[in-house]
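Spelled out, the chains give:
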Amino acid sequence: MHKLLPRAASVLDAATAAPLLLSSPRMPALHLACSSFLAARPGANRSRTRSPQWLHCDGARRGLCSAEAARRGGDTEEGENGRAVPERRQRGRSDALAGSGELLAIPGVGPRNLRKLVDKGFDGVAQLKQLYRDKFFGKSNEKMVEFLQNSVGIIHKNHAESITLFIKESVDEEMKGTDTSKLPKRRLTFCVEGNISVGKTTFLQRIANETIELRDLVEIVPEPIAKWQDVGPEHFNILDAFYAEPERYAYTFQNYVFVTRVMQEKESASGIKPLRLMERSVFSDRMVFVRAVHEANWMNEMEISIYDSWFDPVVSSLPGLIPDGFIYLRASPDTCHKRMMVRKRSEEGGVTLDYLRGLHEKHESWLLPSKGGGSGVLSVSQLPVHLEGSLPADIQDRVFYLEGDHMHSSIQKVPALVLDCEHDIDFNKDIEAKRHKLRSSLNL
Ligand code: TTP
């Protein structure tokens, strides 16, 4: 862990303000100043997000492009390319769907959408209501519509809207007469991203634990590096194996990184603090590291195809992996390299400045506005005009919304806060100064 920590103009102020990004109408305890920020995430009129380019998978293969009857629940039972599904296949499927018939009572659900919902693990109305309560309560309907279209694969927006409305009204009906202030608040999750050694661990531990205002509100989920360094009864170190023989172990390692993140998400899912700050995400795995090892030819075409073939469906079926926002700790590759040299993690002896440069570029093209306007490059929108006033002034120009063809559909329009971590500061001093300020204000 670094003794000296990266500095934003005032990292502490920005970090303290970060939870303001996480506002939700259901989180009054956080004194949220910008409740419209997440709830009104833009993209309301986006018709359908195209599948990400890296999937190399066209609409037909994913069953996304056949014509669909636009009647109430009017999805027909068609196979790929619009051909009728063979009877045997239909019979097997209908066995699997037998227990989920109640879903057919939902406007917008016909046989085809029923199959998609069941394939994604929604076996009944109760699961859809739970999804709504966990992920979309207090947000605009558009969020759930987007989820149904992008993650479940419901093609027609009007079907997704009908399903959303039905579920929302059912939940609202059930909650009539309930004192909502006594209900558990929906947890929010932010993922902290940034190059190797930029200071993510330190940021999380010290900012969250040593800042009085945040301690009781924030649960920290550190990256499961210890799990990578100690696998099974033989205590294999897969991080070390990867750096020692990257061509041999890149796929195996990235696969294990993903699995350990899923395990960790499950372990932390039942926490009660309203805010969960996670170190990295499956999205940095895919957008940064998998890209890097593929470009370095450490992961071959077959391996990246295998990775992609499970990445999208698995992520889509685990909504807990999808954060409400990102915090990008940004520093130059040189600075990260210097910090890495000071840290001296034994496995990283061979990590070159060039490799860090590559990772830096990938973070930038993912989490920062495209500067050159190159086509095909990720674009990130500035804060929409109508929301400008709702964010604290000192983070207003550091918040962006992720969008673009290279972005996984489930993080389209997710906000990202960018913090400049180029310069070192002594956090002890800064935290003490903040405490002092707080004590003075309490004495007033
Ligand atoms: P980081 O996730 O960047 O963690 P860190 O401890 O370096 O972060 P910080 O100093 O900012 O707290 O990387 C941990 C190690 O794992 C690093 O050597 C890079 C490697 N790694 C991969 O090779 N692939 C991956 O997908 C991830 C997430 C990490």
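Quick caveat: nothing in here was measured; it's all calculated off a predicted structure.

Some thoughts on the pairing of strand β8 (residues 415-420)
For β8, the tally of buried residues reaches 5 of 6 residues, placing the bulk of the element in the interior. Summarising the sheet, strand β5 (residues 325-330) and β8 pair through 5 bridges and their orientation is parallel. Bridged to isoleucine 327 within β8 is leucine 417. Note: strand β7 (residues 399-403) against β8, 3 bridges, orientation antiparallel. Paired with phenylalanine 400 across the bridge in β8 is alanine 416.

Some thoughts on the side chain of lysine 362
Tracing the sequence through the fold places lysine 362 in helix α16 (residues 353-367). Taking the relative accessible area as the measure of exposure, lysine 362 reaches 9% and is therefore buried. Those residues within four positions of lysine 362 in sequence are excluded, and the remaining contacts are Met287, Val288, Arg291, Ala292 and Glu295.

Some remarks on the site of the ligand
The full set close to the ligand counts 23 residues, and Thr201, Glu223, Arg280, Arg343 and Glu348 are the nearest of them. Measuring from an oxygen atom of the ligand, one finds a side-chain N or O atom of arginine 343 at 2.6 Å. Here an oxygen atom of the ligand and a side-chain polar atom of arginine 345 are 2.8 Å apart. Expressed as a share of its isolated accessible area of 590 Å², the protein-covered part of the ligand is 99%. Mapped onto the shell around the ligand, the elements with two or more residues apiece are α8 (200-210), α10 (225-229), α11 (238-244), α12 (246-268) and α13 (282-295).

Some remarks on helix α7 (residues 157-175)
For α7, built from 19 residues, the straight-helix expectation of 27 Å at 1.5 Å per residue is met to within 8% by its first-to-last C-alpha distance of 27 Å. Inspection of α7 places His159, Ala160, Ile163, Thr164, Ile167, Ser170, Val171 and Met175 among the buried residues, and these make up the whole buried set. One side of α7 holds all its buried residues, which, seen down the axis, span an arc of 135°. Among the structural elements, α4 (111-119), α5 (125-136) and α6 (141-152) are those in contact with the buried residues of α7.

Here is what the cut-offs are and how they apply
- Residues numbered from 1 in each chain as written.
- Predicted model: local features only at pLDDT ≥ 70, side-chain atom pairs only at ≥ 80, totals over all residues.
- Heavy atoms only, no water.
- Buried < 20%, exposed > 50% of the residue type's maximum accessible area, 1.4 Å probe, protein only.
- Helix = DSSP H or I, 4+ residues; strand = E, 2+ residues; numbered from the N terminus.
- Pairing = 2+ DSSP bridges.
- Contact = heavy atoms within 4.5 Å.
- Near = heavy atom within 4 Å.
- Polar contact = N/O pair within 3.5 Å; in protein donor to acceptor, adjacent residues only side chain to side chain.
- Areas by Shrake-Rupley, 256 points an atom, 1.4 Å probe, with all protein chains shown as cover.
- Expected span 1.5 Å × (residues − 1).
- Arc of directions from axis to C-beta.

Purely geometric numbers; function is a separate question.
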